[in-house]
Amino acid sequence: MSETPPPTPPSPPPAGPTWNDVLAKVDPETIGHWELKGWKKDDPAALVTEVTKAWKGLERHLGAPADRIIRLPEKADDTAGWNAVRQKLGAPKEASEYDFSTAGELDQALADTLRANLHKAGTPKDAAVDVAKGVAKYMSDQKAAADAAKAAKLQAEQTALKSEWGQNYDFNRLKAMEGVKRAIGGDDASAQAVINAMQDAIGFKGTMEFWRRIGVGTTEASFHEGGTTGNPTTMQAAIARKSDLMKDPDFAKRYLAGSPKEVTEMNALNALITGVSA
């Protein structure tokens, strides 16, 4: 009995492409890039390792969630697209969403103007507050400087007028206050408010001189110029003058009879003594 011959072994699979075959299909530019990087193209394992490292490094630097990726519009006139970009960067949808409550003192009109222009420029909310703070500080500094200059000017004008009027300053000032009250029919507080408003426009000296003339009337003889005169200019002198007049029976008779000259002089003395105009 003859033996059964062994089965014929299967034919080996055809040989796959070699690494050189693979390299032959890679474009020269890519191979040149590998070479510039110093990657070994003849060592498949080393090349794959270097390429993988490079890709992972790229992911680490550029990879981000979709909601953090901003895609810029292709066209400059894509209003909706650019608005979307600005909103992703923090700009509000409406100008009214800017909150300037911590920015400082801003009047409503200025705040609304800032909101409109900052929104038009696509300014983020936090940056808009910084801008508003800068504007508020600038305005505050300007006001403080203006107030300081105004106070210094007033002080200089008061000093100059005191020097010009000399010892008659208090008397003439009372006459000025009397003039204001005579014109407006108000009290001392109202008269001072009028003086404050006028001196901003025409200066302290011009204001006081204007109202002093009204206070003493049109008779220039009633005005006490600087220097020594026969008219009392201090409270002590007024008290002494009043005492002398009250001892004069002829003066007392004319005064009680309502003689304008005597009444005017007595009223002036009383104003100087009490500090209150008749």
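Here, the structure is the one placed above.
Given the structure is predicted, the values throughout are model-derived calculations rather than measurements.

**Quick notes on the overall build of the protein**
Stage number 1. Looking only at helices and strands, the protein features 12 helices and zero strands.
Stage number 2. Start at the N end of the protein and walk to the C end: the helices and strands fall as α-α-α-α-α-α-α-α-α-α-α-α.
Stage number 3. Taken over 278 residues, the protein has a buried fraction of 24%.
Stage number 4. Partitioning the intrachain contacts of the protein with sequence separation of at least 6 by distance along the chain shows that 54% fall at a separation of at least 24.
Stage number 5. As presented, the protein carries roughly 19,300 Å² of accessible surface, and 57% of it is formed by carbon and sulfur atoms.

**Here we look at the environment of arginine 254**
Stage number 1. Examined against the element boundaries, arginine 254 turns out to sit in helix α11 (residues 249-256).
Stage number 2. The exposure class assigned to arginine 254 is partly exposed, which follows from its relative accessible area of 38%.

**As for helix α12 (residues 260-274)**
Stage number 1. Taking 1.5 Å per residue, 15 residues should reach 21 Å; α12 reaches 21 Å between its end C-alpha atoms and fits that length.
Stage number 2. Inspection of α12 places Glu262, Met266, Ala268, Leu269, Ala271 and Leu272 among the buried residues, and these make up the whole buried set.
Stage number 3. On its buried face, α12 is in contact with α7 (169-184), α10 (235-246) and α11.

**Details of the pattern of salt bridges**
Side-chain pairing between opposite charges can occur once the charged atoms of the two side chains come close.
Stage number 1. What the rule picks out here adds up to 12 salt bridges.
Stage number 2. Across the salt bridge formed by arginine 115 and aspartate 112, the nearest N and O atoms sit 3.4 Å from each other. You can see arginine 115 and its partner aspartate 112 sitting in helix α5 (residues 108-120), three residues apart, about one turn around the helix.
Stage number 3. For aspartate 112, a relative accessible area of 38% translates into the label partly exposed.
Stage number 4. In this structure, the salt-bridge partner of lysine 175 is glutamate 178, at a minimum N-O distance of 3.3 Å.

The rules behind each value
Residues numbered from 1 in each chain as written. Predicted model: local features only at pLDDT ≥ 70, side-chain atom pairs only at ≥ 80, totals over all residues. Heavy atoms only, no water. Helix = DSSP H or I, 4+ residues; strand = E, 2+ residues; numbered from the N terminus. Buried < 20%, exposed > 50% of the residue type's maximum accessible area, 1.4 Å probe, protein only. Contact = heavy atoms within 4.5 Å. Areas by Shrake-Rupley, 256 points an atom, 1.4 Å probe, with all protein chains shown as cover. Expected span 1.5 Å × (residues − 1). Salt bridge = Lys/Arg side-chain N within 4 Å of Asp/Glu carboxyl O.

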